[in-house]
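# A closer look at the structure
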Amino acid sequence: MPVPEGKDFLADSPLALASGAPDFGAVDAEEAWIAVIRKMDETYAELVRQQVELEEKNAALEEAQGFIAGLLGSMTDVLVACDLTGRVEQVNLAAERVFGQLADALTGRPLAALLDPSSPTSASDVLATAARRQRIADREFTLATPEGPQAVSVNGALRFDPRGRPVGVVLVGRPIGELRAAYHALANAHEHLKHTQQQLVHAEKMASLGRLVAGVAHELNNPISFVYGNAHALKRYAERLIAYLDAVHAGADAAALARTRGELRIDRALADIPATLAGMLEGAERVRDIVADLRRFSSDNREAREVFELGSVVRSAVDWVAKSQMPDLAIRVAIPAGLEAVGHPGHIHQVLMNLVQNAVDALEGRPDPRLDITGERLGGPDGERVAVRVRDSGPGIPEDILGRIFDPFFTTKPVGKGTGLGLSICYRIAEEHDGRLEAANHPDGGAVISLILPAGGRP
């Protein structure tokens, strides 16, 4: 038997082992086996760790897939995902219900096969939009469904891979019928709200008109009554004069005429006629002035801005509201002569009437009611201003609602006595005049409403 080259045959022979010589090869083999076992343990531990990580990642992936599947399944909108060539890659349950086919039957089909030929937006339009890297926003599509063409509103965007490269398009569509129903319901609610607001504004205007008519009637009553009474007196004088002239034309003698003149009190009638005519003329002029004020204040030309005197407007508002509703009200009007403002006098008259009306309402049932209206000229960084302050002796405005009294539909009056639009409309009118309306409580009691407007003329 040949001996391998470099191999010491005697070292492995039984004679050598029996002789007690040290076995170095056995020691090396044992250490090698120990190293191999250690490496195997390390490798096995690494495999176990990787297996645990893989199982955790698989669990997370399954959870994510389940979450995505749940989202897709719960969507009521139609979802279609296709690649850049227009081939369908995935659909959701809503798409299966719309097209009446399972996902497996829809996957792989061209997008054009899902669209009706009458669709305003075609599959080529989708691919062209994707090629331009643009989004699809509220585009109308018509789907080919078993029930016939169905219009949907579609939004879409590009789908990218992990490297950021576009790989497809995702389209989400909602039936236009649902959108139209929602828009119709919203439009109906909006129209109902507008109608309700118009009714409330109309009610407030009618309330203001009622106060205006009552005030004007009260103001007209005095001069008309004066004219009416003087007209009756003048009629009696005319009857006496006619009777006396008939006696004169009948040829009565001087004694009879003198007796008739005394009986008819002709001299007294002649003396009263000039004063009676003057009173009638004064009453007619007062009626003319009231009608002129009413015509001027009722003008609705919003563009007509002029310089007007605040004193006459304030006094007219007080006469038309306060004096007719609360005759025992103590009123003090302190408006300097020549205090002028710029704006529409009719609209400012409406504001002042409302402020006076609110003050009268606050004074209802109060002992010794008082109303103080003052005016002054102001300066400041925003230019010359004039202010009219209406102060009553009422209970004042509670601090918790002081900042809300100009809000629309906010009122502290009982039901049926206010719409909550009076001060809101006044606030808007003041802003339209480049002015403002402010509310506060006076230190000595009562509320103070200040109307601040651009000044007219020079101080």
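To start, this report covers the structure provided alongside it. Every value quoted in this text rests on a predicted model; they were computed, and no experiment measured them.

### Some details on the pattern of salt bridges
Summed over the entire model, instances satisfying the criterion amount to 15 salt bridges. The partner of Glu46 in a salt bridge is Arg49, with the nearest N and O atoms 2.2 Å apart. On the criterion of helical spacing, the pair formed by Glu46 and Arg49 is a turn pair, its members being 3 residues apart in helix 2 (residues 24-74). In this structure, the salt-bridge partner of Arg389 is Glu376, at a minimum N-O distance of 3.0 Å.

### Concerning the nonpolar core
With 43 residues, the main nonpolar core has Leu310, Leu352, Leu355, Val356, Ile373, Leu437 and Leu451 as its most contacted residues. When sequence neighbours within four positions are dropped, the list of residues in contact with Leu451 reads Ile348, Val351, Leu352, Val386, Ala387, Val388, Ala430, Arg436 and Leu437. Grouped together as the second largest cluster of nonpolar side chains are 24 residues, Val80, Ala103, Leu111 and Ala123 included.

### Regarding the pairing of strand 3 (residues 136-145)
Relative to strand 4 (residues 148-160), strand 3 runs antiparallel, the two sharing 8 bridges. Across the sheet, Arg139 pairs through a bridge with Val154, a residue of strand 4. As consecutive antiparallel partners, strand 3 and strand 4 are separated by 2 residues.

### Digging into a nonpolar patch on the surface
A cluster of nonpolar side chains, Trp33, Val36, Ile37 and Met40, forms an exposed patch at the surface whose accessible area comes to about 450 Å². Assignment of secondary structure puts Met40 in helix 2. By relative accessible area, Met40 is classed as exposed at 54%.

### A few points about the sheet that holds strand 2 (residues 88-91)
Pairing between sheet strands relies on hydrogen bonds along the backbone, with the strands arranged either parallel or antiparallel. Ordered by their spatial adjacency, 5 strands build an open sheet running 2-1-5-4-3, and the pairing between neighbours is antiparallel. On the outer flanks of this sheet lie strand 2 and strand 3, each paired with one strand and no other. Averaged over all pairs of adjacent strands, the angle between strand axes in this sheet comes to 30°, irrespective of strand direction. Judged from the 3 bridges that link them, strand 1 (residues 78-83) and strand 2 form a sheet pairing that is antiparallel. Across the sheet, residue Ala81 finds its bridge partner in strand 2, namely Gln90. Together, strand 1, strand 3, strand 4 and strand 5 (166-175) form the strand contacts of helix 5 (residues 123-131), whose direction differs from that of strand 3 by roughly 150°.

Reading the values: the criteria
Residues numbered from 1 in each chain as written. Predicted model: local features only at pLDDT ≥ 70, side-chain atom pairs only at ≥ 80, totals over all residues. Heavy atoms only, no water. Salt bridge = Lys/Arg side-chain N within 4 Å of Asp/Glu carboxyl O. Helix = DSSP H or I, 4+ residues; strand = E, 2+ residues; numbered from the N terminus. Core = buried A, V, L, I, M, F, W, Y, C linked by side-chain atoms within 4.5 Å. Buried < 20%, exposed > 50% of the residue type's maximum accessible area, 1.4 Å probe, protein only. Contact = heavy atoms within 4.5 Å. Pairing = 2+ DSSP bridges. Patch = residues over 30% accessible without salt bridge, like charges linked within 9 Å, V, L, I, M, F, W, Y side chains within 5 Å. Areas by Shrake-Rupley, 256 points an atom, 1.4 Å probe, with all protein chains shown as cover. Axes fitted to C-alpha atoms, helices over the stretch in contact; angles between N-to-C directions.

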